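# Overview (structure and organization)
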2 protein chains.
Amino acid sequence: MPYFDAASAAPLHPVARQALLAALDEGWADPARLYREGRRARLLLDAAREAAAEAVGCRPDELVFTSSGTTAVHAGIAGALSGRRRVGRHLALSAVEHSSVLHSAAAHEAAGGSFTEVPVDRFGAVDPAAYGAALRADTALACLQSANHEVGTEQPVAEVAALCAEAGVPLLVDAAQSLGWGPVPAGWSLLTASAHKWGGPAGVGLLAVRKGTRFSPQGPAGERESGRAAGFENLPAIVAAAASLRAVRDGAAAEELRLRALVDRIRTVVAERVPDVEVVGDPVRRLPHLVTFSCLYVDGETLLHELDRREFSVSSGSSCTSSTLTPSHVLKAMGVLSEGNVRVSLPPGTAGADVDRFLEVLPGVVAEVRERLGAPVSAPVSPGPAASLVVDALGRRCPIPVIELAKVIGEVAVGATVTVLADDEAARLDIPAWCEMRGQEYVGEEPADRGSAYVVRRLG
Amino acid sequence: MPYFDAASAAPLHPVARQALLAALDEGWADPARLYREGRRARLLLDAAREAAAEAVGCRPDELVFTSSGTTAVHAGIAGALSGRRRVGRHLALSAVEHSSVLHSAAAHEAAGGSFTEVPVDRFGAVDPAAYGAALRADTALACLQSANHEVGTEQPVAEVAALCAEAGVPLLVDAAQSLGWGPVPAGWSLLTASAHKWGGPAGVGLLAVRKGTRFSPQGPAGERESGRAAGFENLPAIVAAAASLRAVRDGAAAEELRLRALVDRIRTVVAERVPDVEVVGDPVRRLPHLVTFSCLYVDGETLLHELDRREFSVSSGSSCTSSTLTPSHVLKAMGVLSEGNVRVSLPPGTAGADVDRFLEVLPGVVAEVRERLGAPVSAPVSPGPAASLVVDALGRRCPIPVIELAKVIGEVAVGATVTVLADDEAARLDIPAWCEMRGQEYVGEEPADRGSAYVVRRLG
């Protein structure tokens, strides 16, 4: 039963489990108390902080434990923005940050602040120069992930950090996806991470704030973790998080090589064996264990269910798998296809044989889903008689609008257009992406009575 | 090694441990995912929510899991205040709430709101009529703990709830100390609790919001727990929390009787065997397992250390045991002695023999600490010659100012005064409390060049 969704949550690392059990017995008391159970808890907390700080590359008194990666991001952004409020209320971030960063930016805007989203290229990376240009005199904080959680692309953190330093703007690096693999390049002022992404337990995040960074914790005052994380310390989980981070790091170099080779195999074989597929993300500057691809004419939810039936657990950024029925903001910012999207993220220890089996199973599953949806099976595009066509896909969900477009493109003359009427949010992303994959011209989108009209010109 | 500080944190209940271990294996995945590991996690989360809701006495969809009792309080107060912002920005609370409530009130005031602290009587309870009088047309929310965490006194929740209902004001009940013992009386609109207080793991709080209560979550938007608690669900801990709440409740009735008898014994024997002691809190309307007393002429920190050396773990509300060097706000609001303060809170299963041993050891330890501090040993107050005296205790910490006062009161004539100059914050509370215990008249406090001058008139 191969679990290929380590980027969502990793199974508990054996070292984490062992440390958690020991700390349940030794570390349940209040570390602020003076009696022996409290002193014992305080020793465990101090040791965990030292171990985590060493892995992060900061001083122990610069690091606090939060209740999750999300709360670390919320607290870090709010505290840094408030600390530099006199400088201004502008926030810079990339367009492909984790939702916790985007939600913090939205809350900041709702409270009267402003933010700039730096766009990314088709691989999902920001251009350092473009990021630098987004820094203004009133920029209080810049945020950049170390690597993207959906497509694995590494961001140019060192280059952006240098530009931030030049501009005198503190940089918060969300290292949730990468901290288990190694430290973040120097130059950050704030760093956040999440233990359950590296095989630690749920319930632990890290927030490091470099000495000298202006920081003013928000929300009701707290008595714990230097006032930067509210509530009783979750000590057994903290101990387990720190112990497993160290253990994972010890094995990281060897495992990175192995998983990188497995992911390279997936990238190559998927592109070879699955027709009409787009493998996304940077093929080189990327997380070792993560790969994402999108399959034309495929419904992501059905694809996930079929893979699950065959015992493969993967996730997807397709709109049909999201509760809001909108495609992933990451794929959107990259301008790549979102339909039939699959993210494979391999936990450490993944067997090569399981990856092989996945690659054997996948092409058949995709073909099956396409057949069920009546998708065009690599139909060669031939010259057709019609001048222009309108396809009504109103009320129909991804991937149907794209399938209908693909079915009729051969029926219009070269130079003529097909107009797709659609009200599914994913069409806005997937019709241009289809054009790019198919070498057709995406003319543009026009408002319609219901939904939008997407105009495509046949080029060949 | 008897641990008598269950009100801070209880050792993990065996059922919690068992459930945690099982859920580490079965519940590490993301419950929002569609694959089998995710669905299994979702089932566990739903079952835990149902069990916790049943124990709380609400619907499962009214209850969310937070990362601690403190975050439950912060989120509950902020959300309820914002939800009724149109009504007004006034908050009512008792003067003896947990610091998480007080800090929320302070943050609310800093953001332009206002609050009223309802005073308590010498037992630590609010008067329902006084609470009702604090409710105004612009009161958005009222907060009242079910029972006090430092002295154990139960609050008149049902009576206050009725007055709140009459006034149309939602009532948030902080049930952190009592939920393991039984449900909160009906009438609340919001309820908060903390799992590690009932033997569940750290890292889990409960926030229940009754349907129909206006509630607007604050902070960055969240995708989990109905948007009311940010971050990845700490599922193994949540499962353990729910399982242990049920287990603790099953044994609560029998254990309540047993611990209540043990606490009654402590209340009686401490008053008998320790001279110059004040046992505080309501002797009847109280938590079954908690008792607090204060010893005149004793330094709380030294007392705790001496008890710890004899293997008893207790806590204290004395100023010398607090990082801010101020006495407990609870003892202050009650107007009782804070020096030499000891809180004993018995975990379920506490052996009667351990309590007996504590009662044997305590009088000797108190006497020893007093002797070391040069405290007056039940010196009979005799008529003295001096008209009035001034005692300079500036720069000296609790309990020295009170000891110096006690030493000289016999040296002034009946009707004459002793003025104590002191700059320790605890003196403001402890000198009046000493007067009450000793039958002397506390005349009042006057500002001085340094600290304050506390004037006491000898009555006998």
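Residues numbered from 1 in each chain as written. Chains lettered and ligands numbered in written order. Predicted model: local features only at pLDDT ≥ 70, side-chain atom pairs only at ≥ 80, totals over all residues. Heavy atoms only, no water.

## Looking at helix 1 (residues 14-26) of chain B
Note the threshold: We count a stretch as a helix when DSSP gives it H or I for four or more residues in a row; a strand needs E for two or more, and each element gets its number in order from the N terminus. Any helix carries an expected span of 1.5 Å times its number of residues minus one. Remark: exposure states derive from per-residue accessible area (1.4 Å probe, protein chains only) relative to the maximum for the residue type, with buried under 20%, exposed over 50%, and partly exposed in between. By arc we mean the arc of the directions from the helix axis to the C-beta atoms, nothing more. Any two residues whose heavy atoms approach within 4.5 Å at even a single point are treated as in contact.
Its 13 residues place the ends of helix 1 of chain B 18 Å apart at the C-alpha level, agreeing with the 18 Å of an ideal helix rising 1.5 Å per residue. Considered for burial, the residues of helix 1 of chain B that qualify are Ala16, Ala19, Leu20, Ala23 and Leu24 of chain B. Angularly, the buried residues of helix 1 of chain B cover 140° about the axis, an arc narrow enough to put them on a single face. Exposed and facing more than 90 degrees away from the buried side of helix 1 of chain B are Pro14 and Gln18 of chain B. As for helix 1 of chain B, its buried residues are in contact with helix 1 (14-26) of chain A together with helix 7 (235-273) of chain B.

## So, the packing of aromatic side chains
Worth spelling out the cut-off: Working definition: rings of Phe, Tyr and Trp (its six-membered ring) pair if their centres are within 6.5 Å, and the pair is stacked with planes under 30 degrees apart, edge-to-face with planes over 60 apart, and tilted otherwise. We call a charge positioned over a ring when the NZ of a Lys or the CZ of an Arg lies within 6 Å of the ring centre and within 35 degrees of the ring normal.
Under the criterion given, the structure shown has 10 aromatic pairs over all chains. On the basis of an interplanar angle of 80° and a centroid distance of 5.8 Å, the ring pair of Phe4 of chain A and Phe358 of chain A is categorised as edge-to-face. Taken together, the residues span a long stretch of sequence, with Phe4 of chain A in the segment before helix 1 and Phe358 of chain A in helix 10 (residues 352-373) at a distance of 354 residues. The exposure classification of Phe4 of chain A matches that of Phe358 of chain A, with both residues buried. Ring centres of Trp28 of chain A and Tyr3 of chain B lie 4.6 Å apart, and the angle between their planes is 90°; on these two criteria the pair is classed as edge-to-face. Pair noted here: Trp28 of chain A is in the loop between helix 1 and helix 2 (36-56) and Tyr3 of chain B is in the segment before helix 1, and the two residues belong to different chains. For Trp28 of chain A, a relative accessible area of 15% translates into the label buried. One aromatic cluster in this structure is built from Tyr3 of chain A together with Trp28 and Tyr35 of chain B. The ring centre of Trp188 of chain A lies 4.0 Å from the NZ or CZ of Arg210 of chain A, which sits over that ring.

## Here's the deal with the interface of chain A and chain B
The cut-off we apply is this: Put simply, buried area is the surface a 1.4 Å probe can reach on two separate parts but cannot reach once they are joined, added for both. For this document, the term salt bridge refers to a Lys or Arg side-chain nitrogen within 4 Å of an Asp or Glu carboxyl oxygen. Contacts described as polar in this section are N or O atom pairs within 3.5 Å, which, within protein, must combine one atom able to donate a hydrogen with one able to accept it, while residues neighboring in sequence count only if both atoms come from side chains.
Each partner contributes residues to the interface: chain A has 53 residues there, and chain B has 54 residues. For the pair chain A and chain B, the summed buried area comes to about 4,300 Å², and 60% of that belongs to carbon and sulfur atoms. Among the residues chain A hides against chain B, the three largest losses belong to Trp28, Tyr35 and Arg36 of chain A. Together they make up 14% of the total. At the junction of chain A and chain B, the tally comes to eight salt bridges. For Asp308 of chain A, the salt bridge goes to Arg36 of chain B, with nearest N and O atoms at 3.4 Å. Between the two partners, chain A and chain B, sit 21 residue pairs in polar contact (both at pLDDT 80 or more). At the level of elements, helix 1, helix 2, helix 3 (69-83), helix 4 (99-110) and helix 8 (300-309) of chain A are the ones that each hand at least two residues to the side of chain A that touches chain B.

## Here's the deal with the relation of the copies chain A and chain B
This is how it is decided: Only residues with pLDDT of at least 70 in both copies contribute their C-alpha atoms to the least-squares superposition of the copies.
Overlay of chain A on chain B (RMSD 0.1 Å): rotation 180°, translation along the axis 0.0 Å. With respect to symmetry, the two chain copies, as superposed, fit the operation of a two-fold axis. A high fraction, 100%, of the interface residues of chain A reappear at the interface in chain B, so the copies pair face to face through one surface.

## A look at the domain arrangement of chain A
You'll often see interface size given as the accessible area lost when the parts meet. Keep this limit in mind: Residue ranges for the domains trace back to a domain assignment, done automatically or taken from a database.
Each domain of chain A was delimited in the assignment, giving domain 1 (14-248), domain 2 (251-373) and domain 3 (389-457). Relative to domain 3 of chain A, the C-alpha centre of domain 1 of chain A lies at a distance of 42 Å.

## Considerations on the state of the cysteines
By definition, a disulfide is the covalent link that joins the sulfur atoms of two cysteine residues. Residue and element names in this part refer to chain B. Applicable threshold: Here, a disulfide means two cysteine sulfur atoms that sit within 2.5 Å of each other.
Counted by the stated rule, this structure contains zero disulfides over all chains. Cys58 carries a free sulfur, and the closest cysteine sulfur to it, the one in Cys143, is 18 Å from it. With no disulfide of its own, Cys435 lies closest to Cys398 among cysteine sulfurs, the gap being 15 Å.

## Things to note about the pattern of salt bridges
If you walk through the whole model with that rule in mind, you get 70 salt bridges over all chains. Across the salt bridge formed by Arg33 of chain B and Asp5 of chain A, the nearest N and O atoms sit 3.6 Å from each other. Of the two residues, Arg33 of chain B sits in the loop between helix 1 and helix 2 (36-56) while Asp5 of chain A sits in the segment before helix 1, which places them in two different chains. We classify Arg33 of chain B as partly exposed; its relative accessible area is 26%. Assessed through its relative accessible area of 0%, Asp5 of chain A is described here as buried. Each of Asp5 and Arg343 of chain A together with Asp30, Arg33, Arg224 and Glu233 of chain B takes part in one network of salt bridges that share partners.

## Some remarks on the environment of Ala72 of chain A
Residue and element names in this part refer to chain A. Among the secondary structure elements, Ala72 is positioned in helix 3. Take Ala72: its relative accessible area is 0%, and that puts it in the buried class. Sequence separation of Ala72 and Val248 is 176 residues, and the distance between their C-alpha atoms is 21 Å. Once you skip the residues sitting within four places of it in the chain, Ala72 turns out to touch Thr66, Thr192, Ala193, Leu206 and Leu207.

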